[in-house]
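Tertiary structure, described
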Number of protein chains: 2
Amino acid sequence: MELITHMKPINVGLLGLGTVGGGTLTVLRRNAGEITRRAGREIRVTMAAVRDLEKARKFAGNELAITTNPLDVVNNPDIDIVVELIGGYTLAKDLVLQAINNGKHVVTANKALLAVHGNEIFKAAQDKGVMVAFEAAVAGGIPVIKALREGLSANRIEWIAGIINGTTNFILSEMRDKGLSFDTVLKQAQDLGYAEADPTFDIEGVDAAHKLMIMSAIGFGIPMQFDKAYTEGISKLTKEDITYAEELGYRIKLLGITKRTDKGIELRVHPTLIPATRLIANVEGVMNAVLVKGDAVGATMYYGRGAGAEPTASAVVADLVDVTRMLTSDPENRVPHLAFQPDALSNAPILSIEDVHTSYYLRLKAFDKPGVLADVTRILADLGISIDAMVQKEPAEGEQLVDVILLTHLTVEKAINQAIAKIEALPTIADKVTRIRLEQLNA
Amino acid sequence: MELITHMKPINVGLLGLGTVGGGTLTVLRRNAGEITRRAGREIRVTMAAVRDLEKARKFAGNELAITTNPLDVVNNPDIDIVVELIGGYTLAKDLVLQAINNGKHVVTANKALLAVHGNEIFKAAQDKGVMVAFEAAVAGGIPVIKALREGLSANRIEWIAGIINGTTNFILSEMRDKGLSFDTVLKQAQDLGYAEADPTFDIEGVDAAHKLMIMSAIGFGIPMQFDKAYTEGISKLTKEDITYAEELGYRIKLLGITKRTDKGIELRVHPTLIPATRLIANVEGVMNAVLVKGDAVGATMYYGRGAGAEPTASAVVADLVDVTRMLTSDPENRVPHLAFQPDALSNAPILSIEDVHTSYYLRLKAFDKPGVLADVTRILADLGISIDAMVQKEPAEGEQLVDVILLTHLTVEKAINQAIAKIEALPTIADKVTRIRLEQLNA
């Protein structure tokens, strides 16, 4: 990469000029004055690769070159920083690696790419002495990567728990507020543009797991290993469970949780009961929040918009300013991509979900007969699972089955699995047992 | 300053080994492994200046030099970074300037020093090409300086509103929770160690105003001008006002608010009604939270412990890691002290409190007679102040006076001052009018 002298403008090439790319161009232009005053030099988009030339020209005007070939951007010798906003794993990966190979710094919002291919990308960047910045990949405009990587660098991070997918948080908020079913709210979310036509990545927790993998790597200094993340979505949640949780003083949120334990690192995304009094339990709608527990600082929380054109652009542009500010530093002295120096990553294993310790909400459909609860509590006691609360609901008129809700104390997941199998085998229990994990998030 | 080569340990000198200094030493030692893996080199305390040699030796052991003369630290050629934890304006200022003059980087938790003498200190640092880092000066362990200065650098900041003094937030939480008076809770807070024997700086809002001045400077790119901050504390708040606010759906918090307007910058600390549904309204006890509104990102919030040995040390050590990571960068390319390049600060004026626009809670003591409310509403209407809500409380048994609560829409403070003077002059009004500002914090 050519040496960039003081005050020379920074030339940025955008791969993609859709929602986030368009937002990035808009923010860079609107706030050019403030951004230059902060960065000490102008940061300008000089080229963009797009699908639709005409549409792009109309939106972007004539101040930048526009091409349909993204290689024109990554191979352009005048471009200092390439911003990858294409998404996906394949083309995006090739382009990012090519940009790095050409000595360019890269800013990306692509959580999937980093969670799956981050190790290879960071290695390539390290070898070339360039930076790969990715604040926009997690929680949109909330500077949580920076908080974890720099702001909390004094701490041994104990755990991270985040509402890091706005679509699912919107759906859960609506289900609770209005007593609606998952399917009804999903349809509304799609109509509002909060959920994709194919919502699988969001509702099944895959998007949250990508973001969680990135935070876990930075928090604990481990390489990316996305295949070991446990992922469970919200599509099977019923409004009954949301109501019962509420009655017991809990809210259900789709949380990404990563925790350091003696045996390894927990890395899991699943619906979670959390006490309604916790601040994070009151994060509603499309908002995101990440709670981080460090040994020195205690709990800190970061809250804001996790998606949208300008909130995401806010993070992309912050990365552009960051990269600009770090340009003259010795590459070995820059903030490491994953917070820890690349030769100092930990090989702590990711635990299987079977080995995770947490509490549980169990809902059983039982025949309204004597002895049922005795059988159930015996099974739990034999497996060493202690009960925190138990509620038997009144059966509906003419209904033979009653809902029984149990909250357990902390236990290991494999014990709960055994308990559920035994409970489901009882002749007095109809239907499958509903199991939702529960976290106190004590800090 | 001598050039520090890669991997050479960073030598830190502490000025003060009390609560925060002790916490800093403890955290650096306990997390030495993780911190070295992050910073790429060891960060170690090699010297500390203290008051009580014997006590310090007992606490710190023999691995560092201990002196009672702080000049031994600032003039020690082997020390790379001086951490100032003495507090106050006089000795601390001389030592910080001397350290800078000796080419040393400085980390400080001293909000008063920066709010009052920051311009001089940052100028000296710029001239010498050294860094002055101060994350610990605002909101303890919450990395909010970093968020404002780096994480939100894409944004035109519109306003910042923060609960940035734990003592007063604890007092207000207790007054609300338990229906106790200010004096009773202050006494408890002093017994618990949450309030100083002389609590003036906290309860009169001076501490919060110091922190607010620093955030305002960074958010808006203005020099320090602490003498222009408006400061009003919580010592006159009654439990009645807290209850009435609650009934109307509001919580009272001591907020530091700084806002950009067409005419200048608002900079004010005062008790504030905020809607109880806002997340920040639910920040209780000694916790701090800062809400920042940027034009691109929308509202983001940062929450955590604002004081205490290890939370504050968390920020001090994060600054040590930051300074270490930036050591090899060209000074002109580093993150500017106040986010904006020093030659690009704005001369936007700070508005007088008379020119601030906000809403108001007014409580009147009125004789329970016909026509009182007509007189009051006429006064407000004549001054162009529109009323959002009005509640007349039932008079207590045998009581001639009733409480009347008014909430106004947005208005300018000088109009409210005129209205209050006229209302107090009414023969039907007894006593002074209680006035508390109200912010919707819409984002």
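Residues numbered from 1 in each chain as written. Chains lettered and ligands numbered in written order. Predicted model: local features only at pLDDT ≥ 70, side-chain atom pairs only at ≥ 80, totals over all residues. Heavy atoms only, no water.

1. Some remarks on the packing of aromatic side chains
Summed over the entire model, instances satisfying the criterion amount to 5 aromatic pairs over all chains. Geometrically, the ring pair formed by Phe 122 of chain A and Phe 134 of chain A is tilted, given 5.5 Å between the ring centres and 40 degrees between the ring planes. In this pair, Phe 122 of chain A is assigned in helix α6 (residues 111-128) and Phe 134 of chain A in the loop between β6 (132-133) and α7 (144-151), connecting sequence segments 12 residues apart. Each member of the pair, Phe 122 of chain A together with Phe 134 of chain A, is buried. If you follow Lys 369 of chain A out to its NZ or CZ, it ends over the ring of Phe 367 of chain A, 5.6 Å from the centre. Directly above the ring of Phe 134 of chain B sits Arg 149 of chain B, whose terminal nitrogen or CZ lies 5.3 Å from the centroid. (Phe/Tyr/Trp six-rings, centres within 6.5 Å; stacked < 30°, edge-to-face > 60°. Helix = DSSP H or I, 4+ residues; strand = E, 2+ residues; numbered from the N terminus. Buried < 20%, exposed > 50% of the residue type's maximum accessible area, 1.4 Å probe, protein only. Lys NZ or Arg CZ within 6 Å of the ring centre and 35° of its normal.)

2. Observations concerning the relation of the copies chain B and chain A
By a simple turn and slide, chain B fits onto chain A: the slide is 0.0 Å along the axis, the RMSD is 0.0 Å, and the turn is 180 degrees. Overall, the copies show the geometry of a two-fold rotation axis. Rotation axis and chain B: the residue whose C-alpha lies nearest the axis is Ser 329 of chain B, separated from it by 1.8 Å. A shared interface surface links the copies, since 100% of the contact residues of chain B are contact residues in chain A too. (Least-squares fit on C-alpha atoms with pLDDT ≥ 70 in both. Contact = heavy atoms within 4.5 Å.)

3. Concerning the nonpolar core
In terms of nonpolar packing, the biggest core is built from 165 residues, with Ile 171 of chain A together with Ile 171 of chain B touching the most fellow members. Not counting residues up to four positions away in its chain, the partners in contact with Ile 171 of chain B are Phe 182, Val 185, Leu 186, Ala 189, Ile 203 and Ile 234 of chain B. (Core = buried A, V, L, I, M, F, W, Y, C linked by side-chain atoms within 4.5 Å.)

4. A short note on the side chain of Arg 325 of chain A
In this fold, Arg 325 of chain A is placed in helix α13 (residues 309-326). With no salt bridge to any partner, buried Arg 325 of chain A finds its closest opposite charge in Asp 322 of chain A, at an N-O distance of 4.6 Å. Setting aside its immediate chain neighbours within four residues, Arg 325 of chain A contacts Arg 38 of chain A together with Arg 149, Glu 150, Asn 333, Arg 334, Val 335, Pro 336 and Ala 339 of chain B. (Lys, Arg positive; Asp, Glu negative; His and termini not counted. Salt bridge = Lys/Arg side-chain N within 4 Å of Asp/Glu carboxyl O.)

5. Some points on unusual backbone geometry
Of note, Asp 431 of chain A is a non-glycine position whose phi angle comes to about 70 degrees, a positive value. By the secondary structure assignment, Asp 431 of chain A is in strand β17 (residues 429-438). Owing to a relative accessible area of 57%, Asp 431 of chain A belongs among the exposed residues under this scheme. The backbone phi angle of Ala 339 of chain B is positive, close to 75 degrees, even though this residue is not glycine. Relative to the elements of secondary structure, Ala 339 of chain B occurs in the loop between α13 (309-326) and β13 (357-367).

6. Points about the UniProt feature "binding site: NADP(+)" (unreviewed entry) in chain A
Residue and element names in this part refer to chain A. UniProt tags Leu 15, Gly 16, Leu 17, Gly 18, Thr 19, Val 20, Gly 21 and Gly 22 as "binding site: NADP(+)" (unreviewed entry). When you line up the elements, Gly 16 lands in the loop between β1 (10-15) and α1 (19-30). For Gly 16, a relative accessible area of 14% puts it in the buried group. Positionally, Gly 18 belongs in the loop between β1 and α1. On the basis of relative accessible area, Gly 18 is assigned to the partly exposed category, the value being 47%. (UniProt positions renumbered as here; feature names shortened; annotations may be inferred.)

7. Quick notes on the sheet that holds strand β2 (residues 43-49) of chain B
Residues and elements named next belong to chain B. Here 6 strands make up an open sheet; going across it, the order is β3-β2-β1-β4-β5-β6 and the pairing parallel. The open sheet terminates on both sides in strands that have one partner only, identified here as β3 (65-67) and β6 (132-133). Across 2 bridges, strand β5 (residues 105-108) lies against β6 in parallel orientation. Counterpart to Val 107 in the pairing with β6 is Ala 133. (Pairing = 2+ DSSP bridges.)

8. Describing the domain arrangement of chain A
Annotation of chain A at the domain level lists domain 1 (10-141 + 309-344), domain 2 (144-305) and domain 3 (356-438). A C-alpha centroid distance of 51 Å is found between domain 1 of chain A and domain 3 of chain A. (Domains from an automatic or database assignment.)

9. Focus: the environment of Ala 419 of chain B
All names here are of chain B. Here Ala 419 lies in helix α15 (residues 413-424). Counting along the chain gives 21 residues from Ala 419 to Gly 398, while the straight-line C-alpha distance between them is 30 Å. Discounting residues that sit within four places of it in the chain, Ala 419 has contacts with Ile 379, Leu 380, Leu 383 and Ile 385.

10. Points about the interface of chain B and chain A
Listed as interface residues are 66 residues of chain B and, on the opposing side, 66 residues of chain A. For chain B, the biggest contributors to the area lost against chain A are Arg 37, Arg 38 and Arg 325 of chain B; these three give 15% of the whole. Joining chain B to chain A, the criterion identifies 8 salt bridges. Residue Glu 34 of chain B is joined to Arg 260 of chain A by a salt bridge in which the shortest nitrogen-to-oxygen separation is 3.0 Å. Summed over the shared surface of chain B and chain A, the result is 30 residue pairs in polar contact (both at pLDDT 80 or more). Looking at the side of chain B that touches chain A residue by residue, the class counts come to 29 nonpolar, 19 polar and 18 charged. With 3 bridges connecting them, strand β12 (residues 298-305) of chain A and strand β12 (residues 298-305) of chain B associate as antiparallel partners. (Buried area = accessible area lost by both parts, 1.4 Å probe. Polar contact = N/O pair within 3.5 Å; in protein donor to acceptor, adjacent residues only side chain to side chain. Nonpolar A, V, L, I, M, F, W, Y, C, P; charged D, E, K, R; others polar.)

11. Examining the packing of helix α1 (residues 19-30) of chain B against α13 of chain B
Residue and element names in this part refer to chain B. Contact geometry for α1 and α13: axes closest at 8 Å, N-to-C directions at 65 degrees. α13 is crossed by α1, and the crossing has right-handed handedness. Residues Thr 19, Val 20, Gly 23, Thr 24, Thr 26, Val 27, Leu 28 and Arg 30 of α1 form the contact with α13, whose participating residues are Ala 309, Glu 310, Thr 312, Ala 313, Val 316, Val 317 and Leu 320. Per-class residue counts for the contact of α1 with α13 are 8 nonpolar, 5 polar and 2 charged. (Axes fitted to C-alpha atoms, helices over the stretch in contact; angles between N-to-C directions. Left-handed = near helix turned anticlockwise from the far one by under 90°.)

12. What to know about the pairing of strand β4 (residues 81-84) of chain B
Every other side chain in a regular strand lies on the same face of the sheet, so the side chains alternate between the two faces. Residues and elements named next belong to chain B. Going residue by residue along β4, you find Ile 81 and Val 83 tucked away on one face and Val 82 and Glu 84 tucked away on the opposite face as well. By the bridge criterion, 4 bridges tie strand β1 (residues 10-15) to β4 in an arrangement that is parallel. Within the sheet, the bridge partner assigned to Leu 14 lies in β4 and is Val 83. By the bridge criterion, 4 bridges tie β4 to β5 in an arrangement that is parallel. Considered in β5, the bridge of Ile 81 is made with His 105. Between the parallel elements β4 and β5, the chain passes through helix α5 (residues 91-101) in a crossover that is right-handed. (Right-handed = clockwise from strand over helix to strand, strands pointing away.)

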